[in-house]
Amino acid sequence: METGKILNIELPDEAATQALAISSAKSVNKGEQLALVGDLGTGKTVFARAFIRALCGSDTEVPSPTFTLLQTYNTGDGRELFHFDLYRLEDSSEALELNIDDAFADGISLIEWPERLGSLLPSTHLELALNYGAAETHRQAIITAGDNWYKRLQEIIL
């Protein structure tokens with residue numbers, strides 16, 4: 001990953017995770033990737049659904065791509081959004097069969113389990129790691145951003 005800044009954000013509940021996702025969606029550009037890192041149950045799906053609905057409409061059905069590995073959506077402004085869930089990927093080369101290189105070049109990519117991509121993940125991605133917090137509903141987001149993202153983070157975290 002491109003060296004950059006690290007921000008820690010406390011998320012006291014699901015609504016805070018959703019708000020972070022909506023803010024992130026407002027700042028993403030075509031050809032960019034958001035990498036969602038975290039254990040099962042830390043809020044990756046909550047984040048992904050809010051992010052996708054922010055770009056595609058609040059009534060958008062957002063099934064988990066766990067079994068299909070990929071779901072695609074058209075945003076309201078003509079961009080294409082690729083939601084990857086790479087949990088079942090056994091080798092990073094399998095991602096090439098999903099046309100991940102085209103998604104990275106021409107779309108917005110939201111990637112769960114990005115570590116499965118190895119060197120295929122562009123170094124300019126935004127990494128959002130979700131961890132369990134102090135209480136049952138609390139989460140912590142650790143955002144790692146390169147220079148291409150860091151200036152926009154002020155908008156995201158406000």
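Keep in mind the model is a prediction, meaning the values are calculated, not measured.

1. Let's talk about the nonpolar core
Okay, so step 1: Core analysis: the largest hydrophobic core is formed by 30 residues, its most contacted members being Leu20, Leu34, Phe47, Phe51, Leu55, Leu81 and Leu110.
Okay, so step 2: At the level of secondary structure, the elements contributing two or more residues to this core comprise strand 1 (5–11), helix 1 (14–27), strand 2 (33–37), helix 2 (44–56), strand 5 (108–112), strand 6 (126–132), strand 7 (139–145) and helix 4 (147–157).
Okay, so step 3: The element contributing the most residues to this core is helix 2, with 7 residues.
Okay, so step 4: Aside from chain neighbours lying at most four places away, what touches Phe51 is Ala21, Ser24, Ala25, Val28, Leu34, Leu81, Ile108 and Leu110.
Okay, so step 5: One finds Leu69, Ala95, Leu98 and Ile111 within the second-largest nonpolar core, a separate group that totals 16 residues.

2. Remarks on the environment of Val46
Okay, so step 1: If you trace the backbone, Val46 turns up in helix 2.
Okay, so step 2: Looking at Val46, the relative accessible area reads 22%, which means it is partly exposed.
Okay, so step 3: Distance from Val46 to Ala21, taken between C-alpha atoms, is 8.6 Å for residues 25 residues apart in sequence.
Okay, so step 4: Here Val46 is in contact with Glu14, Thr17 and Gln18, once residues within four sequence places are set aside.

3. Considering the packing of aromatic side chains
Okay, so step 1: Within this structure, the stated rule accounts for 3 aromatic pairs.
Okay, so step 2: In this arrangement the basic side chain of Arg116 is found over the ring face of Tyr87, its NZ or CZ atom lying 5.1 Å from the centre.

4. Points about the packing of helix 1 against helix 2
Okay, so step 1: Relative orientation of the contacting elements helix 1 and helix 2 amounts to 45°, with a least axis distance of 8 Å. The angle between helix 1 and helix 2 falls in the class oblique. Taken as a pair, helix 1 and helix 2 cross one another with a handedness that is right-handed. The segment helix 1 lies against helix 2, with Glu14, Thr17, Gln18, Leu20, Ala21, Ile22, Ser24 and Ala25 engaging Val46, Phe47, Ala50, Phe51, Ala54 and Leu55.
Okay, so step 2: When the residues that make up the contact of helix 1 with helix 2 are grouped by side-chain class, the tally is 10 nonpolar, 3 polar and 1 charged.

5. Digging into a negative patch on the surface
Okay, so step 1: A surface patch of like charges, here negative, comprises Glu80, Asp101, Asp102 and Asp106.
Okay, so step 2: If you tally residues by element for the negative patch, the top one is helix 3 (residues 100–106), at 3 residues.

Criteria and cut-off values
Residues numbered from 1 in each chain as written. Predicted model: local features only at pLDDT ≥ 70, side-chain atom pairs only at ≥ 80, totals over all residues. Heavy atoms only, no water. Core = buried A, V, L, I, M, F, W, Y, C linked by side-chain atoms within 4.5 Å. Buried < 20%, exposed > 50% of the residue type's maximum accessible area, 1.4 Å probe, protein only. Helix = DSSP H or I, 4+ residues; strand = E, 2+ residues; numbered from the N terminus. Contact = heavy atoms within 4.5 Å. Phe/Tyr/Trp six-rings, centres within 6.5 Å; stacked < 30°, edge-to-face > 60°. Lys NZ or Arg CZ within 6 Å of the ring centre and 35° of its normal. Axes fitted to C-alpha atoms, helices over the stretch in contact; angles between N-to-C directions. Parallel < 35°, antiparallel > 145°, perpendicular 65-115°, else oblique. Left-handed = near helix turned anticlockwise from the far one by under 90°. Nonpolar A, V, L, I, M, F, W, Y, C, P; charged D, E, K, R; others polar. Patch = residues over 30% accessible without salt bridge, like charges linked within 9 Å, V, L, I, M, F, W, Y side chains within 5 Å. Areas by Shrake-Rupley, 256 points an atom, 1.4 Å probe, with all protein chains shown as cover. Salt bridge = Lys/Arg side-chain N within 4 Å of Asp/Glu carboxyl O. Lys, Arg positive; Asp, Glu negative; His and termini not counted. Charge placed at Lys NZ, Arg CZ, Asp CG, Glu CD.

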